[in-house]
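# Analysis of the macromolecular model
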Amino acid sequence: MSMARVLVGVSGGIAAYKACELTRLLVRAGHEVTPILTPEAERFVAAQTFEALARREMPRELFPHLVEADLLVIAPLSANTLGKLAQGLADNVLTQTALAFDGPVLAAPAMNPRMWAHRATRGNAETLARRGVELIGPEEGDTAEGEVGVGRMSEPEEIFERAQSLLEKREQLDGLRVLVTAGGTREPLDAVRFLGNRSSGRMGAALAAEARRRGAEVTLVAANLSVPAPVGVNVVPASTADDVARETLARGDADVVLMAAAVADYRPAEPEQAKRPKDGNDWTVTLEPTTDVLREVGERRTNGQLLVGFAADTGERGLERAREKLAAKRADLIVFNDVSREDIGFDSADNEVVFVSGEGERRLEKASKEQIAAAILDEVAERLRGGG
Ligand code: CTP
């Protein structure tokens, strides 16, 4: 692995001294390490200790280059700093950096077991995890106060190993062109009205962000997103099924195509040019089929291209249809998403999906769309390596 720029954030707690060892391991692995201690952490360990180990000064303000780092490791993560991160507070250099940083974050909580067990803390930890922050530990063991319970920081070696594997992912899709479609199409009925769907584009945006994070050159064909497009990706607006078809097929030679957009299957055959005035009569609209983009990409695909489709459907029958789609659209993988449930899918933050491929099926636990996106790209990377 090539050298990486790693920020080591240290918050208050007795485990702060263990972050010295973590810093040493990262430096020894050849990384450029910048320590960032909170004022509380400095009560436990002197910044000079870290500066000596990292051979680098600790920044006393948020310098722009900090946010260009490849990884932010926060160890230990105290209950207090965890709470601040969950809320997006920025009252010291570490919390400011964390708020401005959009790369991968690894955090190792360490605190008194009662504090870790508290619902407030659990909620904060879950908030971070849902945002895609990777948490490691805490472990069960003796605490500084002589209590036994879960709250002890994971060992520096373990945190180091996890950091290394996150850094490896950074280069996982290096040099590959990844095309993602996201959002929901709008098919005009007249000059102001359209037929649309509830897709927010969040799943596709999460996929684009994650692919970018792993080094890919990402194009996002964006159909009316209601979430912001991630930074660093090439955004191509596409409102209708026709637009999505045109923009996607124009880039159909990408190495990986992830078709997360909810593309209309039908559109009004003759949309009215002006706004249709109300006249008390019925308004009959004839719908005609649109191009099935996924099928087209599947038919034209070249050797080595990896094609992933999504299937929003309901129940067991839907899962069966997903299997049929896999074959009919010549995809490598269909990500099935049961939209009969209110708490997942479409415009919600969560998904519970099943990977359907020629090799079988794998159900993932309910998770945030960011976490599902990471799992999908793990699967993509595995298949590109020939392990699928
Ligand atoms: N899709 C597409 N073009 C369309 C419709 C869908 O590319 N005109 C893609 C979606 O992006 C998704 C996949 O096809 O990746 C599955 O879409 P879905 O609507 O679930 O399946 P359909 O093929 O439309 O089948 P049906 O509606 O009959 O379930």
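An account of the accompanying structure is given in this report. Along each chain, the written sequence defines residue order, and numbers are assigned to residues from 1. Side-chain atom pairs in this predicted model are given and counted only at pLDDT of 80 or more, local residue features only at pLDDT of at least 70, and totals for whole chains, interfaces and linings cover all residues. Just so you know, side-chain values use all the structure's heavy atoms and leave hydrogens and water out.

### Here we look at the sheet that holds strand E13 (residues 256-259)
- Spatially, eight strands are ordered E12-E11-E8-E13-E16-E17-E19-E20 in an open sheet, and the strand pairing comes out mixed. Lying at the two open borders of the sheet, with one neighbouring strand each, are strand E12 (234-237) and strand E20 (360-363). Ignoring strand direction, the axes of neighbouring strands in this sheet form an average angle of 15 degrees.
- Strand pairing requires that DSSP identify at least two bridges connecting the strands. Segments assigned H or I by DSSP are reported as helices when at least four residues long, segments assigned E as strands when at least two residues long, and all are numbered from the N terminus. Inspection of the sheet shows strand E19 (residues 353-357) paired to E20 by four bridges, in the antiparallel sense. By the bridge assignment for E20, Val 356 is matched with Glu 361.
- Throughout, a residue-residue contact means that at least one pair of heavy atoms, one from each residue, lies within 4.5 Å. Helix axes are fitted to C-alpha atoms over the stretch in contact, other axes to C-alpha atoms as well, and angles between N-to-C directions run from 0 to 180 degrees. Sitting on the sheet, helix H11 (residues 315-328) touches strand E16 (306-313), strand E17 (333-338), E19 and E20, and the angle it makes with E17 is about 165 degrees.

### What about the nonpolar core?
- Residues grouped as a nonpolar core are buried Ala, Val, Leu, Ile, Met, Phe, Trp, Tyr and Cys residues, joined through side-chain atoms within 4.5 Å. Per-residue accessibility, obtained with a 1.4 Å probe over protein chains only, is compared with the maximum for each type, and a residue is labelled buried under 20%, exposed over 50%, and partly exposed between these values. Counting 33 residues, the largest nonpolar core has Val 6, Val 10, Leu 22, Leu 26, Val 73 and Ile 159 as its most contacted members.
- When residues in this core are grouped by element, the largest group, six residues, is from helix H1 (residues 18-28).
- Those residues within four positions of Leu 22 in sequence are excluded, and the remaining contacts are Val 8, Val 73, Ala 75, Pro 156, Ile 159 and Phe 160.
- Core analysis: the second largest hydrophobic core is formed by 31 residues, Met 203, Val 308, Ala 373 and Ala 375 among them.

### With respect to the packing of helix H3 (residues 79-87) against helix H4 (residues 93-100)
- Direction vectors running N to C along H3 and H4 enclose 35 degrees, while the axes themselves pass 10 Å from each other. Taken as a pair, H3 and H4 cross one another with a handedness that is right-handed. Between H3, through Thr 81, Lys 84 and Leu 85, and H4, the contact on the second element is made entirely by Leu 94, Thr 95 and Ala 98.
- Think of it as three bins: nonpolar holds Ala, Val, Leu, Ile, Met, Phe, Trp, Tyr, Cys and Pro, charged holds Asp, Glu, Lys and Arg, and polar takes everything else, Gly as well. When grouped by side-chain class, the residues that make up the contact of H3 with H4 number three nonpolar, two polar and one charged. Should the near helix be turned anticlockwise from the far one by less than a right angle, the crossing is left-handed, and should it be turned clockwise, the crossing is right-handed.

Interpretation note: all reported values are geometric properties and have no functional meaning in isolation.
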